[in-house]
Amino acid sequence: TAQGLGQFISEVQTDGLREALVSRGLDSLADRPLQEVIQGIVSTLTERTGYIEEADALTAAGKVLDDLRTGCDTLDEFEQRLDKLTDSARMSCLLSEFFRHVLVEDFMRHYWRHLQEKCSNGRLEELRKQLDDLLFEKLQFDLDYGELGEVEWSSDEAQALIERVERETFELCCEVVS
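All values derive from a computational prediction rather than experimental measurement. Position numbers for residues count from 1 along each chain, tracking the sequence in the order it is written. Reporting of local features is limited, given that this is a predicted model, to residues whose pLDDT is at least 70; pairs of side-chain atoms are given and counted only at 80 or more, and all residues count toward the totals for whole chains, interfaces and linings. Note: side-chain values were computed over all heavy atoms of the structure, leaving out hydrogens and water.

A. Structural detail: the side chain of Arg-24. Relative to the elements of secondary structure, Arg-24 occurs in the loop between α2 (17-23) and α3 (34-43). Within 3.5 Å is the distance limit for a polar contact, defined as a pair of N or O atoms, with the added protein rule that one can donate a hydrogen and the other accept it, and that residues adjacent in sequence qualify only through two side-chain atoms. Separated by 3.1 Å, the side chains of Arg-24 and Glu-11 make a polar contact. Excluding its chain neighbours within four sequence positions, the residues that come into contact with Arg-24 are Gly-4, Gln-7, Phe-8, Glu-11, Thr-44 and Leu-45. Helix and strand definitions here come from DSSP, where helices need a minimum of 4 consecutive H or I residues and strands a minimum of 2 consecutive E residues; each element is numbered from the N-terminal end. In what follows, a contact means two residues having at least one pair of non-hydrogen atoms within 4.5 Å.

Now the structure itself:
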């Protein structure tokens, strides 16, 4: 899903948003509200495997795209926003955001019910926010992924990079929890 997100953004930067939508069979969404466009994009980022973890990744990709959509009213404004993600720092932030959302979704899915038994709703939201902030800080400043703006997202190099990010993110999460 992370690789699919990178590929999509590269397509937009190379061919434009409308053409990227056409290539994914989503040309009918071009005149729809941006939220519907984003939902359509997310549905194409990966093949559905039925694994819950993939559901977390798709949810995270939707949140990243939705965050990028903030302040955009039109498809053209959204395209301009995506075009600005060409440098490594911005792509690094995007990947960090994606993995942060994946980890929070995964944590909440595994531990939410247990926490509900132990904590009040206010405390639960506070814990979620603390986890989110901690992961944001750790992922932003502790992991270095080099020249992400120059990655060819459909390549084996991108797949290897995503696997490395996933492994390092998991190790970082284990370090934070212990």
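B. Spotlight on the confidence of the model for the protein. In predicted models, pLDDT denotes the confidence assigned by the predictor to each residue on a 0 to 100 scale. Scored by pLDDT, the protein has a mean of 78; 81% of the residues are at 70 or more. Model confidence for the protein, summarised as mean pLDDT per element, is weakest for helix α8 (residues 156-177) at 70 and strongest for α2 at 93.

C. Local environment of the packing of helix α1 (residues 2-15) against helix α5 (residues 75-83). With their axes 9 Å apart at the nearest point, α1 and α5 run at an angle of 105° to one another. As the angle between them shows, α1 and α5 are arranged roughly perpendicular. Here Phe-8, Ile-9, Val-12 and Gln-13 of α1 come into contact with α5, specifically with Glu-79, Leu-82 and Asp-83. For this scheme, ten residues count as nonpolar: Ala, Val, Leu, Ile, Met, Phe, Trp, Tyr, Cys and Pro. Four count as charged, namely Asp, Glu, Lys and Arg, and the remainder, Gly too, count as polar. Its residues placed into classes, the contact of α1 with α5 shows 4 nonpolar, 1 polar and 2 charged. Angles shown run from 0 to 180 degrees and are taken between the N-to-C directions of axes, each axis being a line fitted to C-alpha atoms and, for helices, limited to the stretch in contact. Oblique is the label for any angle not covered by the other classes, which are roughly parallel (under 35 degrees), roughly antiparallel (over 145) and roughly perpendicular (65 to 115).

D. Broad picture of the environment of Arg-90. Relative to the helices and strands, Arg-90 resides in helix α6 (residues 88-118). With a 1.4 Å probe rolled over the protein chains alone, any residue whose accessible area is under 20% of its type maximum counts as buried; one over 50% counts as exposed, and the rest are partly exposed. Arg-90 sits in the partly exposed class, given a relative accessible area of 43%. The contacts of Arg-90, once residues within four sequence positions are left out, are Lys-84 and Leu-85.

E. Examining the side chain of Glu-79 more closely. Following the sequence through the fold, Glu-79 ends up in helix α5. In summary, the charge assignment counts Lys and Arg as positive and Asp and Glu as negative, without counting His or the chain termini. Salt bridge, as used here, is a side-chain nitrogen of Lys or Arg placed within 4 Å of a carboxyl oxygen of Asp or Glu. Summary of buried charges: Glu-79 has no salt-bridge partner, and the nearest side chain of opposite charge, Arg-18, is 5.6 Å away. Ignoring sequence-local partners within four residues, the contact set of Glu-79 consists of Val-12, Gly-16 and Leu-17.

F. The nonpolar core, seen in detail. The nonpolar core is taken to be a set of buried Ala, Val, Leu, Ile, Met, Phe, Trp, Tyr and Cys residues, with the residues joined through side-chain atoms within 4.5 Å. The biggest cluster of nonpolar side chains holds 40 residues, and the ones touching the most others in it are Phe-8, Ile-41, Phe-78, Leu-82 and Phe-98. Sorting the residues of this core by element identifies α1, α2, α3, α4 (52-69), α5, α6 and α8 as the ones contributing at least two each. Ranked by the residues each element gives to this core, the list is headed by α4, at 7 residues. Setting aside residues no more than four positions away along its own chain, Phe-98 makes contact with Thr-1, Ala-2, Leu-5, Ala-57, Ala-60, Ala-61 and Val-64.

G. Representation of α5 within the structure. Taken as a whole, α5 has its buried residues at Leu-75, Phe-78, Glu-79 and Leu-82. Taken end-on, α5 shows its buried residues confined to a sector of 100°, consistent with a single buried face. Here, the arc refers to the directions that run from the helix axis to the C-beta atoms.

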